[in-house]
Amino acid sequence: MYNAETFPDAPKSWSLMFDPESNSSYPFALMGDGQVTMGGACAYLNHGYDCTDTEAWKEAVRLLIDTKNRSNFSGFVDGTPSLQQLARGVTHVALSYNGDYLFYRQENPDSFENIKFMIPDEGTEMWVDTMLIPSKAPHPDLAHKFINFILDAKIGAQLSNYNYYASPNAAAQPYLDDILTQPPIQPSEEDMQRLHFTPSLEGEQLQVFQQFWSEVQSR
């Protein structure tokens, strides 16, 4: 998200955060989720948002440490707080989620009049909420009934219309409000090509990543 009054010709790029020439003086925040922020740095460096290569991570770490040390870096801020900071002018660039952005813009259009959403051309995160039943759940039958309830086409659409997030349920599509069938909630086909799921890490690979992210946070 970015302030379009501050950046009227904003590039559709991570450069608003990572390139000092694109933003030399206005405060910006990064997300505290390590994989999201490292993924963004990897994407900006042309390694792909979903990179898992150790050498690519090393480059991303160096970029993030340099970024943190810039005078206009305001800190790590997640989701909803970043939107509130943007609305108050505390920051001018930050990361958040499209559904939260639309919700707050609908709730307070004046404060968000100049706050715009974009998907960087270098790529960023694609994600979907899921419902799981633990293997030792005490009432699995009830859990299945609840999941079936949520997957009902009209109920699923009602949920999306309430929380301003797109529905992954094709049967719910005809019942969605029009605003949920277009950007920023439903990315364009072109933007969809640039979205990637955050890779799952485990074992030694996860340990390496955690060491890198700890280094970013501590330095």
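Presented here is a report on the structure given in the accompanying data block. Bear in mind that the values here come from a model prediction, so they are computed numbers and not experimental data. (Residues numbered from 1 in each chain as written. Predicted model: local features only at pLDDT ≥ 70, side-chain atom pairs only at ≥ 80, totals over all residues. Heavy atoms only, no water.)

## Brief notes about unusual backbone geometry
Heads up, the condition is: Strands here mean DSSP runs of E at least two residues long; helices mean DSSP runs of H or I at least four residues long; both are numbered from the N terminus. Only protein chains enter the accessibility calculation, which uses a 1.4 Å probe; a residue whose area is less than 20% of its type maximum is buried, one above 50% is exposed, and one in between is partly exposed.
Across the junction of P183 and P184, the peptide omega takes the value 10°, indicating a cis bond. Within the element layout of this structure, P184 appears in the loop between α7 (153–163) and α8 (189–192). Within the chain, N46 stands out as a residue other than glycine whose phi angle is a positive 70°. Here N46 lies in the loop between α2 (34–44) and α3 (54–68). Among the residues examined, N46 registers a relative accessible area of 69% and is labelled exposed. A positive phi angle, near 65°, is found at Y164, a position not held by glycine. Relative to the elements of secondary structure, Y164 occurs in the loop between α7 and α8.

## Regarding the packing of aromatic side chains
Basically, it comes down to this: For this analysis, a ring pair means two rings from Phe, Tyr or Trp (six-membered ring only for Trp) whose centres lie within 6.5 Å, classed as stacked if their planes differ by under 30 degrees, edge-to-face if by over 60, and tilted for the remaining angles.
Evaluation of the coordinates by the stated rule reveals 15 aromatic pairs. The interplanar angle of 80° and the centroid separation of 6.3 Å between the aromatic rings of W57 and F212 together place this pair among those described as edge-to-face. Pair noted here: W57 is in helix α3 and F212 is in helix α9 (residues 203–218), with a separation of 155 residues, a long-range link. A relative accessible area of 12% means that F212 is categorised as buried. Each ring, one from F76 and one from W213, has its centre 5.6 Å from the other, and the planes form 70°; the classification is edge-to-face.

## Remarks on the pattern of salt bridges
Operational definition: By salt bridge we mean one thing: a side-chain nitrogen of Lys or Arg within 4 Å of a carboxyl oxygen of Asp or Glu.
If you walk through the whole model with that rule in mind, you get six salt bridges. Two residues, R194 and D191, come together in a salt bridge whose shortest N-O distance is 3.1 Å. Accessibility classification places R194 together with D191 in one group, the buried group.

## Focus on the side chain of D100
To keep it simple, the criterion reads: When charges are counted, Lys and Arg are positive and Asp and Glu negative, with His and the chain ends excluded. In this description, contact between two residues means that some pair of their heavy atoms is separated by no more than 4.5 Å.
Tracing the backbone shows D100 in helix α5 (residues 98–107). Buried and without a salt bridge, D100 has R105 as its closest oppositely charged side chain, separated by 13 Å. In this structure D100 touches T80, L83 and Y165, once residues within four positions along its chain are discounted.

## Focus: the packing of helix α4 (residues 79–88) against α5
Defined as follows: Helix axes are fitted only over the stretch in contact, all axes being lines through C-alpha atoms; the angle between N-to-C directions runs from 0 to 180 degrees. Any angle that falls under 35 degrees is termed roughly parallel, while one over 145 is termed roughly antiparallel, one within 65 to 115 roughly perpendicular, and all others oblique. Take the far helix as your reference; a near helix turned counterclockwise from it by less than a right angle gives a left-handed crossing, and one turned clockwise gives a right-handed crossing.
The geometry of α4 relative to α5 is characterised by a closest axis approach of 10 Å and an angle of 40° between their N-to-C directions. In terms of orientation, α4 lies oblique with respect to α5. For α4 against α5, the interelement crossing comes out right-handed. Packed against α4, whose contacting residues are T80, L83 and Q84, the element α5 presents D100, Y101 and Y104 at the interface.

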